[in-house]
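Tertiary structure, described
So you can see what is in the structure, the chains are spelled out below.
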Amino acid sequence: MLHSATSARRPRRHSPERDLLNHELVLSNPSVQRLRRLAGRRSSRDEEGAFVVEGAILIAEAVRAGWHVEAQFLTPGASPIEGAGTVNFLADGVMEKVATTETPQPIIAIVTRQFADADILASASFVIVADGISDPGNLGTILRSAEAAGADACVVTSGSVDPSNPKVVRSSAGSIFRLPILERVSLEDVARAGLICLGTSSHLGSEYTSVDWTRRVAVVLGNEAHGLADASAVDEWVTIPQSGAGESLNVAMAATVLCFEVARQRRAASGTVVLP
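Okay, so let's go over this structure.

Criteria and thresholds
- Counting of residues starts from 1 at the beginning of each chain's written sequence and follows it residue by residue.
- Totals for whole chains, interfaces and linings use every residue, but because this is a predicted model, local features are given only for residues with pLDDT of at least 70 and side-chain atom pairs only at 80 or more, for both listing and counting.
- Side-chain figures throughout are based on the complete set of non-hydrogen atoms in the structure, without hydrogens or water.
- By this definition, two strands are paired if DSSP reports at least two bridges between them.
- Here a strand is any run of E in DSSP of at least two residues, a helix any run of H or I of at least four, and the numbering for each starts at the N terminus.
- Note on contacts: a residue pair qualifies if any of its non-hydrogen atoms lie within 4.5 Å across the two residues.
- The axes are straight lines fitted to the C-alpha atoms, using for helices just the contacting stretch, and the angles between their N-to-C directions are given from 0 to 180°.
- Burial classes follow relative accessibility: with a 1.4 Å probe on protein chains only, a residue under 20% of its type's maximum area counts as buried, one over 50% as exposed, and anything between as partly exposed.
- Disulfides are defined in this document as cysteine sulfur pairs within 2.5 Å.
- One less than the number of residues in a helix, times 1.5 Å, gives the span that helix is expected to have.
- Here, a salt bridge means any Lys or Arg side-chain nitrogen found within 4 Å of an Asp or Glu carboxyl oxygen.

Let us now look at the sheet that holds strand β8 (residues 196-201). What holds strands together in a sheet is hydrogen bonding between their backbones, with the strands either parallel or antiparallel. Spatially, the seven strands line up as an open sheet ordered β7-β6-β5-β10-β8-β11-β9, and their pairing is parallel. The open sheet terminates on both sides in strands that have one partner only, identified here as β7 (181-183) and β9 (206-207). When β9 meets strand β11 (residues 236-239), the two strands line up parallel, connected through two bridges. Pairing of E207 across the sheet is with T239, part of β11. Lying on the sheet, helix α6 (residues 136-148) is in contact with β5 (126-130), β6 (153-156), β7 and β10 (217-221); it crosses β5 at an angle near 175 degrees.

Below, the structure is given as structure tokens:
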């Protein structure tokens, strides 16, 4: 007897792609909701001791620097990073809901916070202090310049932007994983460690090239809008002369100028050739 086309159904073939699709995480998944909280809330990052890192390059930097990467979340078809924790694939459209950029990277990860202990100040000779820095892009750039110039650490005082803010992480270009960062440390703590605190100002102090940066120093940078108060607990003031009519340099630009002057003087003192 002939079977009709409707009665003779072929068995459904096993599809690895379909299995993967069935295991993709949707927006309501608890892991995805945690990812959103860590990306958007400082309080969640503080409470959980974790933060998000976006993009394969930065995640690989975290792994290479020895940070603990808990889990990675990928868009369909993206390649996971070895050593970056549990692999999770997201359903279509979910990455756009959790990422912090307009054009999301195909991979995002949760990393455990492991910032430095204040004890390292005792042996440091060149420290950057971000005192009340509010813009995440500025803080990220400061970290990047500090690492490039050979700083031993960066202190981020209370009232500053969260150093694990996603934009700080991106702007640091990986420096956040290599430069020791100290949170909630005061200027008084830095001074007690024996470092000379040099406050930056648009109108006070010595020209930055005339300052002796070969000493144990802490370069103190103030808030973008208000700078450091004249009564701040610093030992000396330093300024960068300007020819234009602008009131002052952007704080991240000023930090870069000062960091590389510190590096220049120290290379000269050590006998390393310094090009003019």
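Our focus in this paragraph is the pairing of strand β4 (residues 107-112). Where burial is concerned, most of β4 is hidden: five out of the six residues are buried. Two strands pair when backbone bridges link them, and strand β1 (residues 50-54) and β4 are joined in this way by five bridges, in the antiparallel orientation. By the bridge assignment, E54 is partnered in β4 with I108. Pairing between strand β2 (residues 69-74) and β4: five bridges, direction antiparallel. Among the inter-strand pairings, F73 is bridged to a residue of β4, identified as I108.

Once that is clear, we can look at the sheet that holds β4. On the basis of which strands lie adjacent, the open sheet formed by four strands has the order β1-β4-β2-β3 and mixed pairing. Only two strands of the sheet have a single neighbouring strand rather than two, namely β1 and β3 (86-89). Strand-to-strand twist across the sheet, computed as the mean angle between neighbouring axes with direction ignored, equals 20 degrees. Sheet strands touched by helix α2 (residues 30-40): β1, β2 and β4. Its angle to β1, the strand with the most contacts, is close to 90 degrees.

Attention now goes to the state of the cysteines. Every disulfide links exactly two cysteines, by a covalent bond between their sulfur atoms. On inspection of all chains with the given rule, the structure shows zero disulfides. The closest cysteine sulfur to the non-disulfide-bonded C259 is located on C154, 8.7 Å from its own sulfur.

Its 13 residues place the ends of α6 18 Å apart at the C-alpha level, agreeing with the 18 Å of an ideal helix rising 1.5 Å per residue. P136, G137, N138, L139, G140, I142, L143, S145 and A146 are the residues of α6 that are buried. Where α6 is buried, its residues touch β5, β6, α7 (166-171), β7, β10 and α9 (251-270).

If a residue is not glycine, its phi is most likely negative; likewise, a peptide bond is most likely trans. Residue A173 is not a glycine yet carries a positive backbone phi of 55 degrees. Structurally, A173 is set in the loop between α7 and β7. Of note in this structure, R184 is not a glycine but carries a positive phi near 55 degrees. Mapped onto the elements, R184 comes out in the loop between β7 and α8 (187-192).

To continue, consider the pattern of salt bridges. Scanning all chains against the criterion turns up 16 salt bridges. R178 is the salt-bridge partner of E61, the closest N and O atoms lying 2.7 Å from each other. Of this pair, E61 sits in helix α4 (residues 56-64) while R178 sits in the loop between α7 and β7, placing them 117 residues apart in sequence. The class for E61 is buried, based on a relative accessible area of 18%. The exposure class of R178 is partly exposed, given its relative accessible area of 37%. Ionic pairing is found between R192 and D189, a salt bridge with its closest N-O pair at 2.4 Å. With R192 and D189 both in helix α8 and three residues apart, this pair spans about one turn of that helix. A relative accessible area of 64% places R192 in the exposed class. One network of salt bridges, in which partners are shared, links R45, D46, R113, D162, E183 and R184.

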